[in-house]
Amino acid sequence: MPNPITKAVIPAAGLGTRFLPATKAMPKEMLPVVDKPAIQYVVEEAVAAGLSDVLMITGRNKNALENHFDRVAELEATLEKKGDLAKLQRVNESTDLADIHYVRQGDPKGLGHAVLRARMHVGDEPFAVLLGDDLIDERDPLLSRMIEEQAKRNATVVALLEVDPSQIHLYGAAAVEKTDDDDVVRITGLVEKPPADSAPSNLAIIGRYVLRPEVFDVLEKTEPGKGGEIQLTDALQTLASDDSAGGVYGVVFRGRRYDTGDKIDYIKAIVQLACEREDLGNDLRPWLQEFVGSVRN
Ligand code: UTP
């Protein structure tokens, strides 16, 4: 039986160039989605799946990330003095969430390189990777399903999403075979950001992975690939072609996901989540309808 998974690794060291200038002095993972930074949703998701030991891979500007999950004594004292307990609770939510550790990536040489930096902390156990700019709606739990599959198959498990074929060039794409489980496929090959006409399918890898520690040895040997970066997808491709490592399986996700690293998806996520919020939705929905009616193409 494999060890139960306790550790989550959250890479948050990318340059976030699609969001410049907002990300000039701040990691994109700190951009607010309504009133919480994206990264807090991701840590909350890891904790909800039972992973309270979190390692963040950070880059330049890591202070904002560390500060967000730390105490802030003067603010807490001021709110307490005012008796504003609701705001005080909001401030403390991120502090008490998990046991968070940080390691610097150094040069941002790609997602595979970022994951490799987790080796010392993770040791010889399976672990989860959650990308810090990819949000999964808490109403559609994905990670716990992946952890369950990993334990059952003792394999590497990735999350897959069916995307429009015109979008597949933005993702890693998977060649797959069916399994007995309706939402699980066996992955026979992976290609990073393929052109639509040569993609093996329109099943895209999204930012959740449950990996075996063998991935570290593979990453050590993985040469820079697409964009000159060490790609996690290339390491997974190696694992998919080597049965001794247990194979690679995909859990096909059919729930709500928001890519906050992409401008248009980021805006959609804020509008959608705010519309559904009790404190904002009643005001926002009618305004939005009126606004949309007034917009000309
Ligand atoms: P992205 O490719 O979306 O991040 O990586 P990026 O490079 O910051 O984006 P743009 O294109 O310049 O806007 C997916 C995730 O992997 C992390 C990112 O922080 C993000 O959460 N990442 C990427 C690293 O931690 N290190 C890297 O070297 C690259």
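Residues numbered from 1 in each chain as written. Predicted model: local features only at pLDDT ≥ 70, side-chain atom pairs only at ≥ 80, totals over all residues. Heavy atoms only, no water.

Participant: Account for the site of the ligand, with residues named and values stated.
Facilitator: Near the ligand you find 19 residues, and of these Gly 16, Thr 17, Glu 29, Gln 105 and Gly 110 are the closest. Thr 17 is positioned with one of its side-chain polar atoms (N or O) 2.6 Å from an oxygen atom of the ligand. At 3.0 Å, a side-chain N or O of Lys 28 approaches an oxygen atom of the ligand. In isolation the ligand exposes 570 Å². Once the protein is present, 84% of that is buried. Those elements that provide at least two residues to the shell around the ligand are strand S1 (7-12) and helix H5 (111-116). (Near = heavy atom within 4 Å. Polar contact = N/O pair within 3.5 Å; in protein donor to acceptor, adjacent residues only side chain to side chain. Areas by Shrake-Rupley, 256 points an atom, 1.4 Å probe, with all protein chains shown as cover. Helix = DSSP H or I, 4+ residues; strand = E, 2+ residues; numbered from the N terminus.)

Participant: Explain the packing of aromatic side chains to me, using residue names and the numbers behind them.
Facilitator: Under the definition given, this model contains 3 aromatic pairs. Measuring from ring centre to ring centre gives 5.2 Å for Phe 19 and Tyr 266, while their planes differ by 80°; the resulting arrangement is edge-to-face. A residue pair is termed long-range when its members are at least 10 positions apart, and Phe 19 in the loop between S1 and strand S2 (32-33) and Tyr 266 in helix H10 (residues 263-276) qualify at 247 residues. For Phe 19, a relative accessible area of 9% translates into the label buried. Considering the side-chain rings of Phe 127 and Phe 216, the 5.1 Å spacing of their centres and the 5° angle between planes classify their relative orientation as stacked. Here the residue Phe 127 occupies a position in strand S6 (residues 127-130), and Phe 216 occupies one in helix H8 (residues 214-221), the gap between them amounting to 89 residues. We note that Phe 127, like Phe 216, is buried. The ring of Tyr 41 carries the charged tip of Lys 36 above its face, separated from the ring centre by 4.4 Å. Across the ring face of Tyr 249, the terminal group of Arg 153 is positioned such that the distance to the ring centre comes to 4.5 Å. (Phe/Tyr/Trp six-rings, centres within 6.5 Å; stacked < 30°, edge-to-face > 60°. Buried < 20%, exposed > 50% of the residue type's maximum accessible area, 1.4 Å probe, protein only. Lys NZ or Arg CZ within 6 Å of the ring centre and 35° of its normal.)

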